[in-house]
Amino acid sequence: MGNYLSLYMTNPEGTPKPLTEPSFDANMGFPNGRKQRVMIATEQEMEAAKLPLADRDYCAHKLIAYRACRADVWPWAYKCAHEKHDYLNCEYDDYINRMKEYEREKRLLQRKQRIEKKQAQELHA
């Protein structure tokens, strides 16, 4: 509800639109640049593992390892607890990164609004 209220009612220009690319440079504010995220699992590996499209993210390699472990030790799937833990931690870290990127975009949009408002006031003063 909070995002909906902010996006559509209180501050639509200062809230990022869902499922859109960032409008600011990814390295803005990072003098030494940022570490580039790289997909470890290839498209062929994901197709061979029959991963659904929803699971083809930066953690796909961990999911493939977890599924392979389960297939190897079935019916003793509890033996793959380490692989499952790695996969779930990767998904959690990916979620945190996406939320941080959303917050960064939101703060930069609001900063842009403040700067434009200040420039407009100086122009009229």
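Our structure's up above, just so we're on the same page.
Here the structure is a predicted model, which is why all the values come from computation and not from measurement. Just so you know, the residues in each chain are numbered from 1, in the order the chain's sequence is written. Local features are withheld for residues below a pLDDT of 70 in this predicted model, meaning they are given only at 70 or higher, and side-chain atom pairs are given and counted only at 80 or more; totals for whole chains, interfaces and linings count all residues. Neither water nor hydrogens contribute to the side-chain values; these are computed over all heavy atoms in the structure.

Draft legend 1. Quick peek at the packing of aromatic side chains. Classification of ring pairs uses Phe, Tyr and Trp, with its six-membered ring standing for Trp, and accepts pairs whose centres are within 6.5 Å; under 30 degrees between planes counts as stacked, over 60 as edge-to-face, and the remaining range as tilted. Overall, the coordinates contain zero aromatic pairs when judged by the stated rule. For the cation-ring pair, Arg 37 lies above Tyr 58, with the distance from its terminal atom to the ring centre recorded as 3.9 Å. Here, over-ring charges are defined by two tests on the NZ atom of lysine or the CZ atom of arginine: distance to the ring centre within 6 Å, and angle to the ring normal within 35 degrees.

Draft legend 2. Structural view of the pattern of salt bridges. Throughout this description, the term salt bridge denotes a Lys or Arg side-chain nitrogen within 4 Å of a carboxyl oxygen of Asp or Glu. As enumerated under the stated definition, the model contains five salt bridges in all. When the shortest N-O distance is used, the salt bridge between Arg 34 and Glu 101 registers 2.3 Å. Here Glu 101 lies in helix 4 (residues 81-124) and Arg 34 lies in the loop between helix 1 (2-10) and helix 2 (43-48), a separation of 67 residues in the sequence. The class for Arg 34 is partly exposed, based on a relative accessible area of 31%. Judged by relative accessible area, which is 31%, Glu 101 ranks as partly exposed. We note a salt bridge from Glu 103 to Arg 107, for which the minimum N-O separation is 3.7 Å. Taken as a pair, Glu 103 and Arg 107 lie in helix 4 at a separation of four residues, close to a single helical turn. Note on exposure labels: buried denotes an accessible area under 20% of the residue type's maximum, exposed denotes more than 50%, and partly exposed covers the range between, all computed with a 1.4 Å probe on protein chains only. Take Arg 107: its relative accessible area is 58%, and that puts it in the exposed class. Helix numbers and strand numbers start at the N terminus; a helix is a DSSP run of H or I with at least 4 residues, a strand a run of E with at least 2.

Draft legend 3. Local environment of the nonpolar core. Buried residues of nine kinds, namely Ala, Val, Leu, Ile, Met, Phe, Trp, Tyr and Cys, make up a nonpolar core once their side-chain atoms join them within 4.5 Å. Membership of the largest hydrophobic core is limited to eleven residues, which are Ala 41, Met 46, Leu 51, Cys 59, Ala 60, Leu 63, Tyr 66, Cys 69, Cys 80, Tyr 87 and Cys 90. Elements supplying a minimum of two residues to this core: helix 3 (60-73) and helix 4. No other element matches the four residues that helix 3 contributes to this core. By the convention used here, residues are in contact when the closest approach between their heavy atoms is within 4.5 Å. Those residues within four positions of Ala 41 in sequence are excluded, and the remaining contacts are Met 46, Ala 60, His 61 and Ile 64.

Draft legend 4. Inspection of helix 3 at higher detail. Helix span is expected to be 1.5 Å times the residue number reduced by one. With 14 residues, helix 3 should reach 20 Å at 1.5 Å per residue; the first-to-last C-alpha distance of 20 Å fits that figure. What helix 3 keeps buried is the set Ala 60, Leu 63, Tyr 66 and Cys 69. On its buried side, helix 3 packs onto helix 2 and helix 4.

Draft legend 5. Here's a closer look at the state of the cysteines. Only a pair of cysteine sulfur atoms within 2.5 Å qualifies as a disulfide here. All chains considered together, the criterion is met by two disulfides. Each sulfur of the disulfide joining Cys 59 and Cys 90 lies 2.1 Å from the other. Around the S-S axis, the bridge from Cys 59 to Cys 90 shows a dihedral of about -90° and counts as left-handed. Within this pair, whereas Cys 59 is found in the loop between helix 2 and helix 3, its partner Cys 90 is found in helix 4, the two being separated by 31 residues in sequence. With respect to class, Cys 59 is no different from Cys 90; both count as buried. Bridging Cys 69 to Cys 80, the disulfide has an S-S length of 2.0 Å.

Draft legend 6. Looking closely at the layout of surface pockets. Any residue with an atom within 4 Å of a point lines the site, the site being either a cavity, points on a 1 Å grid over the protein atoms alone where a 1.4 Å probe fits but cannot get out, or a pocket, an open set with protein on both sides within 12 Å along at least 5 of 7 lines. Grid points are joined across faces, edges and corners, and a volume is the space filled by probe spheres set on the points. Reported here for the largest pocket is a volume of approximately 930 Å³. What lines the largest pocket is a set of 27 residues, among which Pro 22, Asn 97, Arg 98, Glu 101 and Tyr 102 lie closest to the centre. Tallied by class, residues from the lining of the largest pocket come to ten nonpolar, six polar and eleven charged. When residues in the lining of the second largest pocket are grouped by element, the largest group, four residues, is from helix 4. Classification used: nonpolar for Ala, Val, Leu, Ile, Met, Phe, Trp, Tyr, Cys and Pro, charged for Asp, Glu, Lys and Arg, polar for all others including Gly. When its residues are assigned to classes, the lining of the second largest pocket shows five nonpolar, three polar and four charged.

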